Amino acid sequence: MADTAVQTAERTRAPGASRVLYNTFIRNLSAKIAAAPMVLTVLVVFIGCTIWTVYYSFTASRLLPNNKLVGFDQYERLFATARWNVSVTNLIIYGSLSLVFTLTIGFVLAVLMDQKIRFESAFRTIMLYPFALSFIVTGLVWQWIMNPTLGLQGTLRNMGWSSFTFDWLNNPKMVLYAILIAGLWQGVGFTMVLLLAGLRSVDEEIWKAARIDGIPTWRTYISIVLPMMRGVLVTSVVLIGSGIVRLYDLVVALTDGGPGISSEVPAKYVYQYMFSGGNLGQALAASTMMLVTVLIIVIPWAYLEFGGKGRRS
Amino acid sequence: MKKFAVVAALATAFMGSTAVKAVDLEVTHWWTSAGEAAAVAEFARVFEEQTGNHWVDSALSGSGTGANPVIISRIIGGDPMGATQMNTGRDAEELIQAGLMRDLTDIANEMKIEDFYVDKSLLEPCTYEGKIYCFPVNIHSWDWLWLSTKAYEKIGEPVPKDWNEYVASWPKLKEAGILPFGLATGWPISGVPGVLMSGLGGSDLVLAINRDKSGDAVRGPEFRKVAEAMDALRKEISPDMMVPSFGDVGNQILAGEAAGNIHGDWLQGDLQVAGGVPGKDYECLPALGLGDQLTGGGDAFYFPVLPEGTDPAVIQAQTDLAKLLISPEAQLAFNLKKGSMPIRLDVDLSKANACMQKAIKLLGNGLLPSGDFALSSDTQQQLQDLNIEFLDDDSITVDDYVARYAEIIEQAD
Amino acid sequence: MSQTTTMTGSGPVTRSGVEPSGPRPKPFFTPPRIILYTVLVFACIYFLFPLYVMIVTSFKTMPEIRFGNIFALPAQWTGEAWIKAWTSACTGLTCQGLSPGFWNSVKITVPSTIVSIFIAAVNGYALVNWRFKGSELFFAVLIFGSFIPYQVFLYPLVVITRELGIFGSLWAVILVHTIFGMPILTLLFRNYFASLPQELFKAARVDGAGFWRIFFEIMLPMSLPIFVVALILQITGIWNDFLFGAVFAGTQNYPMTVQLNNIVNSAQGTPEYHVNMAATILTGLVPLIVYFVSGKLFVRGVAAGAVKG
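So, how was this worked out
Residues numbered from 1 in each chain as written. Chains lettered and ligands numbered in written order. Predicted model: local features only at pLDDT ≥ 70, side-chain atom pairs only at ≥ 80, totals over all residues. Helix = DSSP H or I, 4+ residues; strand = E, 2+ residues; numbered from the N terminus. Buried ≥ 20, exposed ≤ 12 C-beta atoms within 10 Å, placed from the backbone. Contact = placed C-beta atoms within 7 Å. Axes fitted to C-alpha atoms, helices over the stretch in contact; angles between N-to-C directions. Parallel < 35°, antiparallel > 145°, perpendicular 65-115°, else oblique. Left-handed = near helix turned anticlockwise from the far one by under 90°. Nonpolar A, V, L, I, M, F, W, Y, C, P; charged D, E, K, R; others polar. pLDDT = per-residue confidence, 0-100. Pairing = 2+ DSSP bridges. Right-handed = clockwise from strand over helix to strand, strands pointing away.

Enquirer: Explain the overall build of chain A to me, please; I cannot follow it from the model alone.
Expert: Within chain A, the secondary structure is distributed over 15 helices and zero strands. Classification of the 313 residues of chain A by burial places 49% in the buried group. Long-range pairs, those at least 24 residues apart, make up 67% of the contacts in chain A between residues at least 6 apart in sequence.

This is the structure:
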């Protein structure tokens, strides 16, 4: 494919050069130089820092890294900590719901926006604006709205609907769903925009062909356009997924992990033990566990994505 | 007169040493609320007036996850500030070991700080291998029971004189629809056990747990009283009664919606800003009205080692600031605004309000190390997690609570 | 060729006789259209509800906020909070509101956004069209990196930038944003470029166009929508970032979020909610304007048009 084209082109331009040397260093030199920042970042930052993380999770590091190795002590403590275990469970529940809802709502909204509507820019900005505002304050606003006395419940009850109940924020069993409401509010808009960009990249010929064949619009979306958007969908899943794993600000602003510890999440545990608790070893052990989990999910995907030789997504 | 002479003499000394040129000294801290900022402004004023240098204010809100990472990163990244507020104790130890914090021992000796620090134990967390690396600038205590005059007027009873009378008044308060104990969500609950410890358990218990890290003391009968009191408290508190910030609890107390609250002395700043007058709108009981010693600790300032090639005038400014922070003039001005107690009592405290006067009296009996002073941040974080969990989850019994508390204390280092 | 008119909000009018893209264009008042707009309007109510609360709160006085209904309109409108948030709210000892950090935020955001998007776009392009040995592996690691809570890397990055001698400067903060933006952005561009018709690239190669020429003259013009997405992502993330700006940029470059945090997060006292709301909206205005303005670039058919053209 591209490679053949490349070779043909290069060969015509560099006659007589030592082929092997040329192929290793000079061929596609621009491409190699261009990729250098990525290679460096991967090697130094992502691989280097991951090794750093794993190594120091086996030490008794406090505020700063130190080399006092303590074996699996940090992990034993981690697994014995109620707060950590609650955090993990919460992340699984919140994560699966958030992924499904963000994708579904995002896609539906994107399709609606794709119908040649008036005021598209306005609609898009409205759906996207929560993404731009700092969660310190928007979290507070959601706190007010969901506060039983201040917010919706109190207002509607005052207006005469006395049985109306919406107290999820104070209910340990429902608090995750309260966070989900605010989380979707913040994140759906961006997924919508991303998917919309995907829809817009689908070749017009496809639509024409589908129309000529008399396929209903909704079926064209589901069975023709959606599969063609695989790249953008994968991007969305990764984006949503990384947002879920890193979930921190939202929880701090909305519940601070409460009531009790019922809405704690792993990233909050990591961050607090790292900076407030001054226990780097413990924080890095928790963070290593998060990395391992991500690996377990990412490796099968990477295999599917790159395993089949030469297949392009 | 004598005091004035000292201040004047100090002032001339500073002027003499730095009059050559004015320099900028950056100071980081997390005192961003109105009351706190007003207190810091006093430090800045004294510093600028007396040395002619310029205080560059770098406020970063939120101690733990807000300011801490920035302060620590900048120190290890080689872009240190001139002076910084920091958590005392073990947290800074590694920065000291790495040679990143300035040794203040010479300044301490020159000023003979041992002579005027009201309690020598305050300096312990600043001391590492016999040398002094930070100066505590105030004394804060959690040990206060705040009571609402209005709430007790409503039920027609006198304001309780101690914890036991207060607990006895709960049924009647509830009948009148008043919240017996107001509480904000999150960390404020974590200060309560320590207060109960010194009030109900006594000084020995505090020392055994906070200083000696004795798990047996936690499992003993004295601590059990504390755990049971916590249990009694959580029965009166439900999530929908809790308010977002402790300042809101202050408002509840002034309005008579909540009868009482255990919280640190900084609550008073809020009560006063809201127009409350001690003795009239609210009452304060140090050590729950039972104990005769307060637990406490101080906010401290560190002075990072500045990179090579720094203007000597800046280093001199650092020295001057260190001296000034604990000078009588700055101490008085700062602490009156901050609502905390000064680290030295050779200042004119007649302007201090009724509650602060009570505290100063108790200071004479010596200061007990509070948990947030004597325990590492790690241990504090674990205890906070436990307390928050216990408060909300009734399936954790008093026995579980004691057992887990003991375990955390035993693991503390 | 491309059908740009409808995307800029000018309505479903097709100017030329060209067959429009997407589903069949429809008149404004048909039942499906009414349902469509109803759904969108309801979605917008959900999205706008908190903004409504923020805006009415920002125009109220403190006593009204404390004792009144949060949904009620202000009894007495006052713009005081907005003025205070911008010019005189205290952040520690300085009481100049958000304004002093504004230009610092611009200084951080503009170069960081440009550099991070440019590098990631080149990465994506190289990964799709100029594969080299191991490029897919690097990419897989990069994706893995997008899941790491980046706070974990704070200390190593402090040490790296210190050793590079750039800690405490704009260079450091640009570097950090480029690094943390790289995984998602590279993924974004790689997957987008991969979905573009490859014939174009091949044709350009045969014509003898090199790496950069193809990138600038063919790939970039075909990728406007995805550039807008990347721009939205980066502007938002960098503009709202507090930690990296405060740590790496140096005191002289403290971004606006430092002041926002100080205004909003005061540990003590009853917060001035109206000022907080105003400050938050003010801080969010820059990304919001970018969202709105960049919408013009958010057009369908760029890719297709380029292919045909």
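Let us keep going from here.
Enquirer: Whenever I open this one, the packing of helix α12 (residues 256-264) of chain C against helix α13 (residues 273-294) of chain C confuses me. Can you help?
Expert: Packed helix pairs are specified by the crossing angle of their axes together with the interaxial distance, meaning the distance between the axes. Residues and elements named next belong to chain C. At a minimum axis separation of 9 Å, α12 and α13 run at an interaxial angle of 165 degrees. Classified by the interaxial angle, the pair formed by α12 and α13 is roughly antiparallel. As for the relative orientation of α12 and α13, their crossing is left-handed in sense. Contacts between α12 and α13 involve Met 256, Thr 257, Leu 260, Ile 263 and Val 264 from the former and Val 275, Asn 276, Ala 279, Thr 280 and Thr 283 from the latter. Of the residues belonging to the contact of α12 with α13, the class tally is six nonpolar, four polar and no charged.

Enquirer: Before we go on, may I ask you to explain the confidence of the model for chain A in this structure?
Expert: When pLDDT is low, close inspection of the predicted coordinates is not appropriate. Averaged over chain A, the pLDDT score is 85; the fraction of residues at 70 or greater is 89%. This model gives residues 309-313 of chain A a pLDDT under 50, and the stretch forms six contacts once residues within four places in sequence are excluded.

Enquirer: Quick question: what am I supposed to make of the sheet that holds strand β12 (residues 300-302) of chain B here?
Expert: Residues and elements named next belong to chain B. The five strands are arranged β2-β1-β3-β12-β6 in an open sheet whose pairing can be described as mixed. With partners counted over all chains shown, the strands left at the sheet margins are β2 (54-59) and β6 (134-136), one partner each. Neighbour-to-neighbour, the strand axes of this sheet turn through a mean angle of 25 degrees, independent of strand direction. Relative to strand β3 (residues 83-86), strand β1 (residues 24-29) runs parallel, the two sharing two bridges. Each bridged residue has a counterpart across the sheet, and for Thr 28 the counterpart in β3 is Thr 84. The sheet contacts of helix α16 (residues 312-325) involve β1, β3, β6 and β12, and relative to β1 the element is tilted by about 50 degrees.

Enquirer: What's the story with the interface of chain C and chain A in this structure? I'm lost.
Expert: Many descriptions give the size of an interface as the accessible area lost when the pieces come together. Listed as interface residues are 95 residues of chain C and, on the opposing side, 89 residues of chain A. Counting residues per element, the side of chain C that touches chain A draws most heavily on helix α1 (residues 31-58) of chain C, at twelve residues. Of the residues assigned to the side of chain C that touches chain A, the class counts are 60 nonpolar, 29 polar and six charged.

Enquirer: Is there a simple way to think about the interface of chain A and chain B in this case?
Expert: Listed per partner, the contact involves 23 residues of chain A and 23 residues of chain B. Of all the secondary structure elements, the ones that give two or more residues to the side of chain A that touches chain B are α5 (82-113) and α14 (266-276) of chain A. It is α14(A) that provides the largest number of residues to the side of chain A that touches chain B, a total of five residues. Considered class by class, the residues forming the side of chain A that touches chain B number ten nonpolar, nine polar and four charged.

Enquirer: Got a minute to help me understand unusual backbone geometry in this structure?
Expert: Glycine aside, residues mostly have negative phi angles, and peptide bonds mostly take the trans form. Residues and elements named next belong to chain A. The amide bond that connects Gly 258 to the next residue, Pro 259, takes the cis arrangement and shows omega of -5 degrees. Locating Pro 259 in the fold gives a position in the loop between α13 (249-254) and α14. Positive phi, close to 55 degrees, is recorded for Asp 256, a residue that is not glycine. Inspection of the secondary structure puts Asp 256 in the loop between α13 and α14. On the neighbour-count criterion, Asp 256 (18 C-beta atoms within 10 Å) is partly exposed.

Enquirer: Which parts of the structure should I look at to understand the pairing of β2(B)?
Expert: When a strand is regular, its side chains alternate between the sheet's two faces. Residue and element names in this part refer to chain B. In this sheet, β2 lies alongside β1 in parallel orientation, the contact comprising six bridges. Bridge assignment links Val 27 to a residue of β2, and that residue is Asp 57. After leaving β1, the chain enters helix α2 (residues 34-51) and then returns to the sheet as β2, a path that is right-handed.

Enquirer: Which parts of the structure should I look at to understand the sheet that holds strand β10 (residues 282-286) of chain B?
Expert: Sheet strands pair via backbone hydrogen bonds, and the direction of the pair is either parallel or antiparallel. All names here are of chain B. Taken together, the four strands give an open sheet; going across it, the order is β8-β9-β7-β10, and neighbouring strands pair in mixed fashion. A strand with exactly one partner marks an edge of an open sheet, and here the two such strands are β8 (179-181) and β10. Going from strand to strand, the sheet's axes swing by 15 degrees on average, the running direction of each strand aside. Pairing between β8 and strand β9 (residues 258-262): two bridges, direction parallel. By the bridge assignment, Phe 181 is partnered in β9 with Gly 260.

Enquirer: In this structure, what is going on with helix α6 (residues 154-164) of chain C? I would like to understand it.
Expert: Structural remark: α-helix, 3.6 residues per turn; residues separated by three or four positions point the same way. Buried within α6(C) are the following residues: C:Leu154, C:Tyr155, C:Leu157, C:Val158, C:Ile160 and C:Thr161. Elements in contact with the buried residues of α6(C): α3 (63-76) of chain B together with α7 (170-195) and α11 (243-248) of chain C. C:Gly165 occupies a position one or two residues after α6(C) and carries a positive phi of about 75 degrees.

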